[in-house]
Amino acid sequence: MNDLELLREIFKDARLHVGLGTIAQLGMATDGSALRVMVNLLPENRQVVAQMTFADVFSVTIPEIDDLAVVAFVDGHPDDAWVLKLVNTNEEPIPVYARAGNTMIAPRVGKKVGIGRNTSTPTQPLVLGTVLQTLLSNVLDKLKELSDQIANHTHIGNLGYATSVPLTAAEFLVLEADFLGYKVSPVDDALVLSDIAFTEKGS
Amino acid sequence: MSYYYPRAAVKLRILPEDFQLKSDASLQQVLEIIVQAKNVTVTVNDYKTTDTFSMDIDYKNFPFDPRTIRSCGVTIYMQDMELVPGAATKLDAGLTNAVYGGFVDEETISFDESKREVHFDGRDFTALLIDQKYQVNTPISFNSRLDVALTSLLANFKATAQITVVNKTGGTLPIIASFDPAFGAPLAGMKNVGPKESYWEIIQDMVNRAGLICFIHLDQLILTTPKNQNDSTDDIKFIYGQNVKNLTFKRKLGRFKGFNIQVRSRVGKRVLTAKIPEEATAAWAAAFGVSRDPVQIPVLKPDGSLDTSAQHFAPYITFPVPNVGNKDQLIRIGQTLYEQYSLQQLEGSFETTEMLGRGQTKDTTGDTRQSFTQYDLTQIAKGQSIVLEIDTDDLAEISRLKDVPSREQYLIRRSYDKNVAAIFAKTMGKFSPRFQIKSYQMTINNNDGWKLKVDFQNIIDLTQRSQP
């Protein structure tokens, strides 16, 4: 080994700045201030404790044991370790819908997606758009029909003759037209539905 | 001139080679033999560096082919056999006269017309800890007291499991994780270990976080503070003109002299900072003899006069420390760092052939009646404090212990300008004679006897401040 190689060896940066490993243990602080995870760095199977980071402080998905993670060490210092991202594998494949380039938020098996404030547990389920559209369309059909029937309603009066239509028949005809209008748009023409965000019933 | 009978013995713990690649060394029997060496040199370095030894043994007394030895542990004993006049001169190897423990790195056998020698070079247990990388692959828990955590760490490695952790701080050792705001949380209080981190690096890190220093002495890991080593009751007096030769002082004037220390730790989004000396404890500042004002440096104007228009603070040397949310602990760490950095202003070396620390000196108030006990110089330790005085007849008038007018007159008689003489005479009285042993080398040679070479460095000691 010549002098230059010796010096290069001496001053070689042996620090690990970024590594890849599997999550081995989770440790949530009781006050929720941090999620520490034990990461089993690959391939040497050296374990380090790192703090988990998320897409945003309030947009959080807790990792699961054996997830593959990218760990970064600030300035290469082993005690300043952060999990930056989780990585897909054949055990956690990219969601099918996302493979076509779509953005996808899919909960872990048995888990839910919550949208709400960071201090509460959301309990109200989201509405399924298409189901609601069909429901609205049907309801509006029935309302239109009801309005039409009221506007044309007659019955046998006190003298034994059929009465005329109600005095407010014109208003009911307007209502009928309104219900029809609502049904046509935004319900039946799907303006009530988003073209970019979709969900599903789940199980 | 005193009479000594220096003797050295070396205990070798030899693991023989069995020439089988698959053999398990730990199952082999270790052979212990004691040999007399022709020359033994023990070099004890500063507390972060491994200590070394070298010795020559007459081949006649050690007729082994180096290939027969797989590994060899070494304990070296030195003693003045005149300590007990009339007693047997055979050195009994024991804990009281052990000066070195380690292992052989290299063995050489040489034959020529004048000698047939076996030469050993080796290092102490520090080297084992430096060479050994941490391979346990799990983080180290800081959730137990420092000595317990260190003992647990050392137990991971068979060769260092026998090292005892000794607390010489005079207090209870802390739980390092207790300084972490997340102490007690799941997975908190753990230290990750880098891919090529050695045991010694890990130990240094742990000890630094506790605001302490450590070093290996024989088979002990000593935990202490720089200041604790400066206990005046342990001072050994060395006096040029009586028991010292080749005394040298050196000061690097170009070196950065004024400085402040700041220790920082990130706690969540906030950074906790401790500045030393301004935030040091009053007790520490009093004991260490420094003011709790930020250190300032003189700045000259272009015309050469001193700029007094503003304060010019000396640069802050910054040390990041992970996971310390306790300001008191940051201050403690900063104080230790300040002490260590302060040990670099003045250094030097001297040699002595005396085996006992002796001689007459005066204390800092000039009291010549002060006495002290004799000290076995084979048992000195790194970090120990010593007092160095110059005591020759022709320099008596300029002695540190003389009064200012005498020193001034001495300088004037030697044609110094009166102003220069006045200033120099005054400042000479302010120097402390106390130093700290940085490293030392002990040699026992069949031909030349005993020799001790000491490298020392100064400690900040302003006990002379009030002296005129």
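Residues numbered from 1 in each chain as written. Chains lettered and ligands numbered in written order. Predicted model: local features only at pLDDT ≥ 70, side-chain atom pairs only at ≥ 80, totals over all residues.

**Comments concerning the sheet that holds strand 16 (residues 270-276) of chain B**
All names here are of chain B.
Right, so step 1: Read from one edge of the open sheet, 3 strands run 16-15-17, paired in mixed fashion. Every interior strand has two partners, whereas the edge strands, strand 16 and strand 17 (316-320), have only one. Across the sheet, the mean angle from the axis of one strand to that of its neighbour is 25°, orientation sign disregarded.
Right, so step 2: Both strand 15 (residues 260-267) and strand 16 contribute to a ladder of 7 bridges, which runs antiparallel. Looking across to strand 16, one finds that Ile 261 is bridged to Ile 276. (Pairing = 2+ DSSP bridges. Helix = DSSP H or I, 4+ residues; strand = E, 2+ residues; numbered from the N terminus. Axes fitted to C-alpha atoms, helices over the stretch in contact; angles between N-to-C directions.)

**Considerations on the interface of chain B and chain A**
Right, so step 1: Taken together, the contact between chain B and chain A spans 16 residues of the former and 20 residues of the latter.
Right, so step 2: By residue class, the composition of the side of chain B that touches chain A is 10 nonpolar, 4 polar and 2 charged. (Contact = placed C-beta atoms within 7 Å. Nonpolar A, V, L, I, M, F, W, Y, C, P; charged D, E, K, R; others polar.)

**So, the nonpolar core**
Note on soluble globular proteins: their nonpolar side chains tend to be buried together.
Right, so step 1: Counting 65 residues, the largest nonpolar core has Val 39 of chain A together with Leu 150 and Cys 214 of chain B as its most contacted members.
Right, so step 2: Counting the residues that make up this core, at least three belong to each of domain 2 (128-224) and domain 4 (260-342) of chain B.
Right, so step 3: Contact partners of Val 39 of chain A, with chain neighbours within four places excluded, come to Gly 21, Thr 22, Ile 23, Ala 24, Gln 47, Val 48, Ala 50, Ala 69, Val 71 and Val 83 of chain A.
Right, so step 4: Grouped together as the second largest cluster of nonpolar side chains are 42 residues, Val 10, Leu 12, Cys 72 and Ile 380 of chain B included. (Core = buried A, V, L, I, M, F, W, Y, C linked by C-beta atoms within 7 Å. Buried ≥ 20, exposed ≤ 12 C-beta atoms within 10 Å, placed from the backbone. Domains from an automatic or database assignment.)

**With respect to the sheet that holds strand 12 (residues 220-224) of chain B**
All names here are of chain B.
Right, so step 1: Taking strand neighbours across the sheet as the criterion, the 3 strands line up as 9-12-11 in an open arrangement whose pairing is mixed. Edge positions in the sheet fall to strand 9 (164-167) and strand 11 (213-217), since each of these pairs with one other strand and no more. Going across the sheet, the axis of each strand differs from the next one's by a mean of 25°, ignoring polarity.
Right, so step 2: Pairing geometry for strand 11 and strand 12, over 5 bridges, is antiparallel. Residue pairing in the sheet places Phe 215 in a bridge with Ile 222 of strand 12.

**Some remarks on the domain arrangement of chain B**
Residue and element names in this part refer to chain B.
Right, so step 1: Structurally, chain B comprises domain 1 (3-124), domain 2 (128-224), domain 3 (232-248 + 354-441 + 454-458) and domain 4 (260-342).
Right, so step 2: Look at where the C-alpha atoms of domain 2 and domain 4 centre, and you get two points 27 Å apart.
Right, so step 3: On the domain 4 side, the residues contacting the 8 residues of domain 2 number 11 residues.
Right, so step 4: Taken together, the residues of the side of domain 2 that touches domain 4 break down into 4 nonpolar, 2 polar and 2 charged.

**Here's the deal with helix 5 (residues 327-342) of chain B**
Since the α-helix packs 3.6 residues into each turn, any two residues three or four apart lie on the same face.
Residues and elements named next belong to chain B.
Right, so step 1: An ideal rise of 1.5 Å per residue puts 22 Å on 16 residues; helix 5 measures up with 22 Å between its terminal C-alpha atoms.
Right, so step 2: Inspection of helix 5 places Gln 329, Leu 330, Arg 332, Ile 333, Gly 334, Gln 335, Thr 336, Leu 337, Tyr 338 and Glu 339 among the buried residues, and these make up the whole buried set.
Right, so step 3: Residues of helix 5 that are buried in the fold lie against helix 3 (199-209), strand 11, strand 15, strand 16, helix 4 (282-288) and strand 17. (Expected span 1.5 Å × (residues − 1).)

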